[in-house]
Amino acid sequence: MRTTIGVEEEFVLLDPETLVPVERAREAQDALRRAGNGFGRVMAEFFPSQLEFASPVCETAGQALASITGFREELSAWAAENGLIACGVGLPYRVAQEAEVTDEPRYREIASHFGLIVRDHQLNGLHVHVGVADRDAAVAASNALRPWLPVLLALSANSPYWNGVDTGFDSWRAIHSRRWTTHGIPPRFLDAADYDRRTAALRGVGGTSDAGTLNWVVRPSERYPTVEVRVFDAQLDPETSVALASIVRGLVLASAGRATGTQAAEIEPELLDSALWHAARNGLAADLLDPRDGSLADARAVVRALLDAAAGGLAEQGDTAAVSAVVDRILREGNGATRQRAAMTEGGMRGLTAAISADAVSTY
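Reading guide: rules and limits
- Residues numbered from 1 in each chain as written.
- Predicted model: local features only at pLDDT ≥ 70, side-chain atom pairs only at ≥ 80, totals over all residues.
- Heavy atoms only, no water.
- Helix = DSSP H or I, 4+ residues; strand = E, 2+ residues; numbered from the N terminus.
- Rg over C-alpha atoms; globule rule 2.2 N^0.38 Å.
- Contact = heavy atoms within 4.5 Å.
- Areas by Shrake-Rupley, 256 points an atom, 1.4 Å probe, with all protein chains shown as cover.
- Pairing = 2+ DSSP bridges.
- Buried < 20%, exposed > 50% of the residue type's maximum accessible area, 1.4 Å probe, protein only.
- Phe/Tyr/Trp six-rings, centres within 6.5 Å; stacked < 30°, edge-to-face > 60°.
- 1 Å grid on protein atoms, 1.4 Å probe; cavity = no way out; pocket = protein on both sides within 12 Å on 5 of 7 lines; lining within 4 Å.
- Points joined across faces, edges and corners; volume = space filled by probe spheres on them.
- Polar contact = N/O pair within 3.5 Å; in protein donor to acceptor, adjacent residues only side chain to side chain.
- Lys, Arg positive; Asp, Glu negative; His and termini not counted.
- Salt bridge = Lys/Arg side-chain N within 4 Å of Asp/Glu carboxyl O.

Novice: Which parts of the structure should I look at to understand the overall build of the protein chain?
Specialist: The helix and strand tally for the protein chain stands at 13 helices and 11 strands. Against the compact-globule benchmark of 21 Å for 364 residues, the protein chain has a radius of gyration of 19 Å, which places it among compact chains. Based on the C-alpha atoms only, the size of the protein chain along its principal axes is roughly 50 × 45 × 40 Å. For the protein chain, the proportion of contacts with a sequence separation of at least 24, taken over those separated by at least 6, is 77%. As displayed, the protein chain offers around 14,100 Å² of accessible surface, 53% of which is attributable to carbon and sulfur atoms.

This is how it looks when you write it as structure tokens:
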């Protein structure tokens, strides 16, 4: 039996000369909706320079890849026709200094709580949904995924620049996210009732106005029968997005007893929180928290442990070969942050512009 996945990708429209966000996402959305090619849904995002694409519910990784690749091709074609580039990056190279949020009631409500944090929240992510039986299963999956979230961030880190400066972090987006009322890896919950009770108590505290403002990097979805993983930066290419989604599905299957693999230890919450920061800082360049025992270990060894943990689920869904090819490439050539830095070193701004365009041309 197949377990469904869904992929949501956020993109930003940039001026190709300055790499500053351009507030024309509404035009892009309208044009892509009129085209109506059935790849999925296109929606507004927090800023008028951003848009989000949601794939259909997919039974296979191949279906997800076809969906997001088709959308990226159409989005990139529209952007080129309009003198822009569309990018799958965790953060734009430069930000729009006077940006106002998208003129929708919910975004205005959220912005009213966060003051000067709002202008900096020009973040783009990849969200992965994995189908589960019920909300108790979603909470159980969230608990099981917690120790693996730092290594998943390290693999996906793709936001090294902020306002034209190299931050020294592979995922500066992850550091920005820590300023929200809730952030990072959530606590363990006993079951869905425990989750609902504790999250209800957060409503009205700080900027937590509804379930959508719970900024944890994994959570039960409020709209779908899924567990939702939100730890990932937006990705440069569709193959990496789908490989990350497949790994998450493999881990969820293992946690539900559908597949076997490497078991994670119970890691203290303060150690997991520090490990997420550590992964945002170093990516794959140094060591990472090893979920098997809570120690620091070589990043490559931790990535291999991740794949071992997901192996049974990957095999069950027929995803092993495709995921192995993507992960091998990341270990060989680096995550998105490494690729961005290499493009800047080799070709300056023009090289970076070419590297970050979401043109759906496979690099594999």
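Additional details are given in the paragraphs that follow.
Novice: For this particular structure, what's the right way to read the pairing of strand β11 (residues 295-298)?
Specialist: Residues in a regular strand point their side chains to alternate faces of the sheet. Sheet analysis places strand β10 (residues 287-290) next to β11, joined by four bridges and oriented antiparallel. Within β11, the residue paired with L289 across the bridge is L296. Between the antiparallel neighbours β10 and β11 lie four residues, among them G294 with a positive phi of about 80°.

Novice: It is not clear to me how unusual backbone geometry should be interpreted in this structure. Could you clarify?
Specialist: Peptide bonds are, in most cases, trans, and in most cases residues other than glycine have a negative phi. At L19, a position not held by glycine, the phi torsion is positive, near 60°. Its place among the elements puts L19 in the loop between β1 (5-14) and α1 (25-35). One non-glycine residue, N163, lies in positive phi territory at about 55°. Considering the arrangement of structural elements, one finds N163 in the loop between β6 (161-162) and β7 (165-166). Residue classification places N163 among the partly exposed residues on the basis of a relative accessible area of 32%.

Novice: What exactly am I supposed to notice about the packing of aromatic side chains here?
Specialist: The relative placement of two aromatic rings is captured by the distance of their centres and the angle of their planes. Applying the stated rule across the entire model yields 11 aromatic pairs. Consider the rings of F169 and W277, whose centres lie 5.2 Å apart with planes at 85°: the pair is edge-to-face. Linking F169 in the loop between β7 and α7 (172-177) with W277 in helix α10 (residues 269-282), this pair joins segments that are 108 residues apart in sequence. Residue F169 is classed as buried on the basis of its relative accessible area of 11%.

Novice: Could you clarify how one ought to interpret the layout of surface pockets in this entry?
Specialist: Take a probe with the size of a water molecule and roll it over the atoms, and the empty space left behind shows itself. Computed from the structure, the largest pocket encloses a volume of approximately 960 Å³. Forming the walls of the largest pocket are 44 residues, and the residues nearest its centre are E45, H127, G212, R219 and R230.

Novice: I keep staring at the pairing of β1 and nothing clicks. Help me out?
Specialist: Summarising burial for β1: 10 of the 10 residues are buried, a large majority. Neither face of β1 is exposed, since I5, V7, E9, F11 and L13 on one face and G6, E8, E10, V12 and L14 on the opposite face are all buried. Two elements, β1 and strand β5 (residues 125-131), share five bridges in a ladder whose sense is antiparallel. The residue bridging G6 from the neighbouring strand is H129, located in β5. Bridge count between β1 and strand β3 (residues 50-54): five bridges; the pairing is antiparallel. Counterpart to E10 in the pairing with β3 is E52. When β1 meets strand β4 (residues 85-87), the two strands line up antiparallel, connected through three bridges. Note on β4: the bridge partner recorded for L14 is I85.

Novice: Any chance you could explain helix α5 (residues 135-145) here in plain terms?
Specialist: Helical periodicity: at 3.6 residues per turn, an α-helix aligns residues three or four positions apart in one direction. Every buried residue belonging to α5 is among A138, V139, A141, S142, N143 and L145, and all of these are buried. Its side-chain oxygen at 3.2 Å from the backbone nitrogen of D136, D134 defines the N-terminal cap of α5.

Novice: What should I look at first to understand the environment of D134 in this one?
Specialist: Its place among the elements puts D134 in the loop between β5 and α5. In this structure D134 comes out as partly exposed when scored by relative accessible area, which is 42%. Of note is the side chain of D134, whose polar atom sits 2.8 Å from the backbone nitrogen of A137.

Novice: What should I look at first to understand the side chain of E45 in this one?
Specialist: Along the polypeptide, E45 turns up in the loop between β2 (41-44) and β3. The charged side chain of E45 is buried without a salt bridge, its nearest counter-charge being R106 at 7.5 Å. Residue contacts for E45: discarding those within four places in its chain leaves E10, Q50, L51, E52, T102 and Y107.

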